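Fold and geometry: a report
The residues making up each chain are set out below.
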Amino acid sequence: MQRWPVVLFLAWVCFLFFAGIGLFMSGFLLTRIELASSSSCSDPLVPPPWERQSLPPGSCWAPQRFSKAVLVIIDALHFEFARFDPAKTSPLPYENKLGVLHQLATAQPRHARLYRFRADPPTATMQRIKGLTTGSLPTFIDVGSNFASYAIQEDNLLAQLVQNGRRVVFMGDDTWEGLFPKKFFRSYFFPSFNVKDLHTVDDGILQHLYPTVDSGEWDVLIAHFLGVDHCGHKHGPDHPEMAKKLTQMNEMLRSLVDHLGNDTLLLVAGDHGMTETGDHGGDSEKEVNAALFVYSRTPLFGSGPPEEPETIPQVNLVPTVALLLGVPIPYSNIGEVMADMFAGDGDTVSAALQQLSVYHINAKQVDRFLQSYSLVAQDLPAEQLQHLQELFSSAVEEHTQLLTQVQGTMVPPELEPRLGSLISRFQHYLREARAVCTQSWARFHPPRMVGGCILIASSCLLCYMASELAMSSQSFCHSCLLYPLFWGPVGAAVLWLVHVFTQEGLDLLLVSSWAAAVSQLGFFWHWWAWLGLAFPMGILFFRCGAMFSDSFVVAEARVTPFLLASLVMLLVGKLHWDGRLTVPEGPKQQLLGFSSYRREIWYLLCLVAMLLVCVRLSSFFHQCREEIPQCRPSVFLSPLASLRNTRAKNLFYLLCVALLAGLVYAVQSWLRHYGNLNSSGPLVLFVRWGFPLVVLCIACYWAVASSADDSLGKLQELVQVAVVVFPRAVYGLASVGLLLLLCNPMTVFAKDTRESAGSIVTPYLGVPGSEVDFLHVIPQIYKRMQESQKSWLERGSCRATIAAYGLGSVYSAALVIALTLLGFLLMLLHSERLSFAFLLLFVEAFVLLHIHTLTLIALIPVGEPFSVPWYAVISWLLAASQFFYSTGHQPIFPAIHWNAAFVGFHLDHNTNLLPAVLVGANTFASHILFAVGCPLLLLWPFVCEMSNSQRKKLKKESREELQEVEEHMMEMRLRESPEEFSTALLRLGLKYLFVLGAQLLACVCAAMILRRHLMVWKVFAPKFLFESLGFVVSSICLLLGISLVMRVDCAVSSWFSQLQLR
């Protein structure tokens, strides 16, 4: 069998797809250019000389109104959490809990005010911190680094404070440590990633908050609380724990206000909101609708608050705080000052003059940034920049003319209306500038996007061609590698020489993509004459075409199961149309005018009915998208700990444990049925005893996790230990099982028939000492010799001296064991009740394999046994996509199950790799299982050969004997034709990659063509990212599954070699 050529060729094809994905991403998800410039007090943006003379010492650009500021960030503080409605007699757990804000705003209307604080997507914490400190807009791709923060190099509010000698003290979320290293005068960081921990960060802040405020050794104090956000992730907003956490924040704010001085500004802000399920990251109304509360002991506003709170963008906080504290506005800010906070205690005219002054400074700063940015990036439309320049120039000109007519603060009555008009013009300019940046921020690189699409499309074509060529060319596995291995490095070397001579920087991604493209050209140049006909895959093309519709992408959780059911039903209809379901008509049937159906049709119809039931039941486990308001998320997605009904919690727990036990019983029964549990090897012993032990550990973990919040005292400490120990025990046991599977995957019990016949004399105690004893022994000796001679004569030359139990299913047994272990791990990473979805996954996969087997063997006996039809591969991948949604996932960032990162880990991680692996395994669980189990599509018909052949009773005795000899070979038929076996694995892998690649290509083309679509960042870009990651995960797991089959084949060869030495 050709092992390495098959694996290497599939790995090369995966590399081609990876290169195409990387090339397209580099053109589609470019980050905006960050300017290295920074503002300073000496910049020529200061007000006119007559105003500058009034600047107090230590102020830059504008008079300093406050010497100190406290910024309290309550993560995920939705506006509805901060609003207080006295009319509500029975509020929800998240309503009317921050009463101190309402009391301050009511009692001191000129000192306090509540705003709607609108966040810019993506609403992940790190991107919001960047927006709150730089005044700029993070790009879409930044969301990927939310848990791998990088230091902000762009000019920001903290850098300006430190540069101007202000002491900044921080306490809370340790994300700030990575963003602003060595910027704090004093800091108290606490781990932030464990979303199950509601108290560590908040309690740590409260321990240091009041002593720090009272000490006075600070100028700006930032406290970032995480309890509300973590409570939303763990329980959702509508939960008693949310009421407790918001009440704690209310008491904290009440005490904090009492510790503030008259020269201190208090800002209470939420970085983003949260959905009904407690998630965030997208751009839904609930996610972007946060709250901002401003308070000062001295009058801050010129008038009382409006009836409805004003909505302001989050970026507006940066220029406002900078000018209030007397420091320059950060260079890249595009926010607008909150002018009502600059009104002061004077009359209307003096207030308007002060507001006009800060607007003038703000507008000049934004204009300077746009001019600098347009010279570097050149991605802002020239006509819009020209329009903005005209708005700015006209406003500045009028402002200059107005100032020449103003003496000091005395404004002639006829000029007062012009003050309001000029303020409106500056506001219009600043808002237009922000809108232009928002619309044009995504910098696309069309040549790279097109190149990525072409590379992915040609890789799909290569998969199809190679799958057809492998069947017609016996030496294909060897020869197919020669051309890519030669032309790929040659192309990379040529590009490297070009860069050397042109003295340009070498882009590793561009080199890899170029090498992939050149290696493809070498392949196509040699094999072009073998190009086949059009693809007969309408269902697949329909699915790919649906990627271009945002409605279909949003409703894909319902579209995919429909396509799977339709494909199977069309298959049955096609078999009936082709006459495959009926037996040949005899004279009697022809006379009566009807046909009789095969007996297998009823078995097939039962399987189809089971498939439809699984498809229907799987719809009960879906997560909802914000675009479908009438949808309600499945109750099975929430953990058992969220259930308040103890009886229901216990019932669900028992059902989940029974499901695990049933899965172990089913797997062991299947292995025992085919003889794979007869040996005493380490792997078989692990399957017998290790599987129940894994189930026991998972059951114990579910028990302690579902009651962790109810335990008290020392029991609480014990539960915290158990929550970590039991998952790690599962990780360890599963790792041991996989290592045993890799080291010795043989589950075969060999028995020598010459020894198994038993001793000639049956056991008899004692030495024969009488005639009765000899009469017992001698007849047995004669009878056994007679039976042995007769058996030898009947067998003739076909002497079977070794009986091998489980050899006919040795390949499938290894895959079944691996899938079971992976299933245990993946179920551990999901909530308890999603184990029902995994049960449906395994049942549906089992049904699909039997439908494929029955169609290939029983109904189409003339079919090619070493070829897996396209419909089987497509249905297998449709099922993988179906259960992506049926395990509670959606291709959107708020639907990611971040809790999976802390299954077995109570404290924060030291590295981002492990949590990324755990969250990725949780997200792409169905992709992993179906990709690893893909070789079963080839193996399963051979495993089921015995049961199928037993149904076929041939009339002639000689054919019965031949059938009896051949029916037990099963998967050993594959070893009779090692070349065809390796070719079949290669073709199966290529078909799998082709279908995956076709779906990926559709997402890539949709994202490229619709890159200016209204829903591109909401629907198409997340879908492309999830599809790309799913392709990477699936292709790697496909290689692992095929490699496992290769490893078993190697072990089987060694086993046969040892037999020959006996």
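Parameters and conventions
- Within each chain, residue numbers correspond to sequence positions counted from 1 in written order.
- Whole-chain, interface and lining totals are the exception, using all residues; otherwise, since this is a predicted model, local features are given only for residues with pLDDT of at least 70 and side-chain atom pairs are given and counted only at 80 or more.
- Working from all heavy atoms in the structure, the side-chain values ignore hydrogens and water.
- UniProt positions are given in the numbering used here, feature names are shortened, and annotations may be inferred rather than shown by experiment.
- Labels follow the DSSP assignment, with helices taken as runs of H or I lasting at least four residues and strands as runs of E lasting at least two, numbered in each case from the N terminus.
- Type-normalised accessible area, obtained with a 1.4 Å probe on protein chains alone, sets the label of each residue: buried when under 20%, exposed when over 50%, and partly exposed for intermediate values.
- The contact criterion used throughout is that any non-hydrogen atoms of two residues lie within 4.5 Å.
- Points on a 1 Å grid, built from protein atoms alone, make a cavity when a 1.4 Å probe fits but cannot get out and make a pocket when they are open with protein on both sides within 12 Å along at least 5 of 7 lines; residues with an atom within 4 Å of a point are the lining residues.
- Grid points are joined across faces, edges and corners, and a volume is the space filled by probe spheres set on the points.
- Classes in brief: Ala, Val, Leu, Ile, Met, Phe, Trp, Tyr, Cys and Pro nonpolar; Asp, Glu, Lys and Arg charged; the others, Gly included, polar.
- A side-chain nitrogen of Lys or Arg and a carboxyl oxygen of Asp or Glu constitute a salt bridge if their distance falls within 4 Å.
- Pairs of strands are assigned from DSSP output, requiring at least two bridges between the strands.
- Helix axes are fitted to C-alpha atoms over the stretch in contact, other axes to C-alpha atoms as well, and angles between N-to-C directions run from 0 to 180 degrees.
- Polar contacts, as used here, are pairs of N or O atoms within 3.5 Å; protein pairs need one atom able to donate a hydrogen and one able to accept it. Residues neighboring in sequence count only if both atoms are side-chain atoms.
- Multiplying 1.5 Å by the residue count of a helix minus one yields the expected span of that helix.
- Put simply, a nonpolar core is a bunch of buried Ala, Val, Leu, Ile, Met, Phe, Trp, Tyr and Cys residues held in one set by side-chain atoms that sit within 4.5 Å of each other.
- Patch construction takes residues with relative accessible area above 30% that form no salt bridge. Like charges are linked within 9 Å, and nonpolar side chains (Val, Leu, Ile, Met, Phe, Trp, Tyr) are linked within 5 Å.
- Surface exposure here means Shrake-Rupley accessible area, sampled with a 1.4 Å probe, where a residue is shielded only by the protein chains that are shown.
- Two cysteine sulfur atoms form a disulfide, by the criterion used here, when they sit within 2.5 Å.
- As a per-residue measure, pLDDT reflects the predictor's confidence and takes values from 0 up to 100.
- Pairing of aromatic side chains requires ring centres within 6.5 Å, counting the rings of Phe and Tyr and the six-membered ring of Trp. Pairs whose planes differ by under 30 degrees are stacked, by over 60 edge-to-face, and all others tilted.
- Any angle from 65 to 115 degrees is called roughly perpendicular, while one under 35 is roughly parallel, one over 145 is roughly antiparallel, and all others are oblique.

The name recorded for the chain in an unreviewed UniProt entry is GPI ethanolamine phosphate transferase 3, catalytic subunit, from Zosterops lateralis melanops. The UniProt entry for the chain carries the following comment under Subcellular location (unreviewed entry): "Endoplasmic reticulum membrane". The chain has a UniProt comment under Pathway (unreviewed entry) that states "Glycolipid biosynthesis; glycosylphosphatidylinositol-anchor biosynthesis."

A word on the overall build of the chain
A tally of helices and strands in the chain yields 39 helices and 10 strands. Within the span of the chain, comprising 1062 residues, buried residues form 56% of the whole. In the chain, of all internal contacts separated by at least 6 residues, the share reaching a separation of at least 24 is 80%.

Looking at empty space enclosed by the protein
All told, the structure shown has 5 cavities of 30 Å³ or more when counted by the stated rule. Taken as a whole, the largest cavity encloses approximately 160 Å³ of empty space. Looking at the largest cavity, it is lined by 17 residues, and the ones nearest its centre are Arg543, Ser881, His927, Lys1023 and Glu1027. Breaking the lining of the largest cavity down by element, the ones donating at least two residues are α31 (870-886), α38 (978-1009) and α39 (1016-1060). Taken together, the residues that form the lining of the largest cavity break down as 9 nonpolar, 4 polar and 4 charged. Taken as a whole, the second largest cavity spans an internal volume of roughly 130 Å³.

Section: the pattern of salt bridges
Within the structure shown, the criterion is met by 17 salt bridges. A salt bridge links lysine 245 to aspartate 202, with the shortest nitrogen-to-oxygen separation between them at 3.2 Å. Here lysine 245, found in helix α10 (residues 240-259), pairs with aspartate 202, found in helix α8 (residues 200-215); they are 43 residues apart in sequence, far enough to count as distant. Under the relative-accessibility criterion, lysine 245 is labelled buried at 3%. Between glutamate 398 and arginine 425 there is a salt bridge, with the nearest N and O atoms lying 2.3 Å from each other.

Notes on the environment of tryptophan 4
Here tryptophan 4 shows up in helix α1 (residues 4-28). On the basis of relative accessibility, which here comes to 65%, the residue tryptophan 4 falls in the exposed class. Considered as a pair, tryptophan 4 and methionine 1046 are 1042 residues apart in the sequence and their alpha carbons are 8.8 Å apart.

As for the side chain of asparagine 316
The residue asparagine 316 is located in the loop between β8 (311-313) and α12 (317-324) in this model. Apart from the residues within four sequence positions on either side, asparagine 316 is in contact with Gly335, Glu336 and Met338.

Description of the sheet that holds strand β4 (residues 186-190)
Strand order in this open sheet of 8 strands is β4-β3-β5-β1-β6-β7-β2-β8, and the pairing throughout is mixed. Unpaired on one side and paired on the other, β4 and β8 mark the two borders of the sheet. Strand after strand, the sheet turns through a mean of 20 degrees between neighbouring axes, direction not considered. Sheet topology note: the strand β3 (residues 168-173)/β4 ladder contains 5 bridges and is parallel. Counterpart to glycine 172 in the pairing with β4 is phenylalanine 189. Strand contacts of α12: β2 (112-118), β6 (264-269), β7 (289-296) and β8, with the helix running at about 165 degrees to β6, the strand carrying the most contacts.

Overview of the side chain of glutamine 882
By the element assignment, glutamine 882 lies in helix α31. A polar contact of 2.8 Å, which involves the side chain of glutamine 882, links it to the side chain of serine 618. Engagement of the side chain of glutamine 882 in a polar contact is seen with the side chain of glutamate 844, the distance being 3.3 Å. Other than its neighbours up to four places away in sequence, glutamine 882 contacts Thr560, Pro561, Leu564, Cys614, Val615, Ser618 and Glu844.

Overview of helix α29 (residues 810-828)
If you check α29, its first and last C-alpha atoms are 28 Å apart, about what 19 residues at 1.5 Å a residue would give, namely 27 Å. Counting buried positions over the 19 residues of α29 gives 19, a clear majority of the element.

Some words on the nonpolar core
Ranked by internal contacts, the top residues of the largest apolar core, which has 193 residues, are Phe824 and Tyr992. Tallying contributions element by element places α38 first for this core, with 20 residues. Sequence-distant contacts of phenylalanine 824, that is, excluding residues within four places in its chain, are made with Leu660, Leu663, Val664, Phe691, Val694, Val695 and Ile698. Cys60, Ile152, Phe392 and Leu402 belong to the second-largest nonpolar core, a separate cluster that totals 81 residues.

Some thoughts on a nonpolar patch on the surface
Among the surface-exposed residues, Val613, Leu617 and Phe620 lie close enough to one another that they form a single nonpolar patch of about 260 Å² accessible area. With respect to the helices and strands, valine 613 occurs in helix α23 (residues 600-618). Among the residues examined, valine 613 registers a relative accessible area of 47% and is labelled partly exposed.

A short note on the packing of α23 against α31
A packed helix pair is summarised by two numbers, namely the angle formed by the two axes and the spacing between the axes. Two elements in contact, α23 and α31, have axes separated by 10 Å at closest approach and are oriented at 35 degrees. Facing Cys614, Val615 and Ser618 of α23, the residues of α31 in contact are Gln882, Phe883 and Ser886.

With respect to the state of the cysteines
Linking two cysteines covalently through their sulfur atoms gives a disulfide. In the structure shown here, the tally under the stated rule is 2 disulfides. Covalently, cysteine 41 is tied to cysteine 60 through a disulfide, its sulfur atoms 1.5 Å apart. As the torsion about the S-S bond is roughly 75 degrees, the cysteine 41-cysteine 60 disulfide counts as right-handed. Within this pair, whereas cysteine 41 is found in the loop between α1 and α2 (49-52), its partner cysteine 60 is found in the loop between α2 and β1 (68-74), the two being separated by 19 residues in sequence. When its relative accessible area of 6% is taken as the criterion, cysteine 60 is described as buried. The partner cysteine of cysteine 624 in its disulfide is cysteine 631, sulfur to sulfur 2.0 Å. Across the S-S bond linking cysteine 624 and cysteine 631, the dihedral sits near -70 degrees, which makes this disulfide left-handed.

Considering unusual backbone geometry
Phi angles above zero are rare outside glycine, and asparagine 96 is one such case at about 60 degrees. Residue position: asparagine 96 is located in the loop between α3 (79-82) and α4 (99-107).

Here we look at helix α5 (residues 125-134)
By the criterion of burial, α5 is predominantly enclosed, with 10 of the 10 residues buried. Among all positions in α5, only Thr125, Met126, Gln127, Arg128, Ile129, Lys130, Gly131, Leu132, Thr133 and Thr134 are buried. Taken from the residues just after α5, glycine 135 is the one with a positive phi, measuring 75 degrees.

What about the confidence of the model for the chain?
Per-residue confidence for the chain gives a mean pLDDT of 80; residues scoring 70 or more make up 77%. The lowest-confidence element of the chain is α2, averaging 43 in pLDDT; the highest-confidence one is helix α33 (residues 925-932), averaging 96. Note on residues 527-536: pLDDT is under 50 here. Beyond four places in sequence and across chains, it has 17 contacts. Ignoring residues within four places in sequence, the model shows residues 755-767, a span with pLDDT below 50, making 15 contacts including any to other chains.

Some remarks on the packing of aromatic side chains
Think of a pair of aromatic rings as described by two things: how far the centres are apart, and how the planes are tilted against each other in angle. The final tally for this structure, using the stated rule, is 32 aromatic pairs. Arranged with centres 5.6 Å apart and planes meeting at 15 degrees, the rings of tryptophan 670 and tryptophan 940 form a pair that is stacked. Within this pair, whereas tryptophan 670 is found in helix α24 (residues 646-673), its partner tryptophan 940 is found in helix α34 (residues 936-943), the two being separated by 270 residues in sequence. On the basis of relative accessible area, tryptophan 670 is assigned to the buried category, the value being 15%.

A few points about the packing of helix α21 (residues 556-577) against α23
Orientation of α21 relative to α23, taken along the N-to-C sense of each, is 170 degrees, at an axis distance of 10 Å. In terms of orientation, α21 and α23 fall into the roughly antiparallel class. For the pair α21 and α23, contact is made by Pro561, Leu564, Ala565, Val568, Met569, Val572 and Leu575 and by Leu604, Leu605, Val608, Leu611, Leu612 and Val615, respectively. Residue composition of the contact of α21 with α23, by class: 13 nonpolar, no polar and no charged.

Describing the pairing of strand β5 (residues 220-225)
For β5, the tally of buried residues reaches 6 of 6 residues, placing the bulk of the element in the interior. What you see with β5 is no split at all: Val220, Ile222 and His224 on one side and Leu221, Ala223 and Phe225 on the other are buried throughout. Bridge count between β1 and β5: 6 bridges; the pairing is parallel. Across the sheet, residue valine 72 finds its bridge partner in β5, namely alanine 223. Judged from the 5 bridges that link them, β3 and β5 form a sheet pairing that is parallel. Residue pairing for β5: methionine 171 is matched across the bridge by alanine 223.

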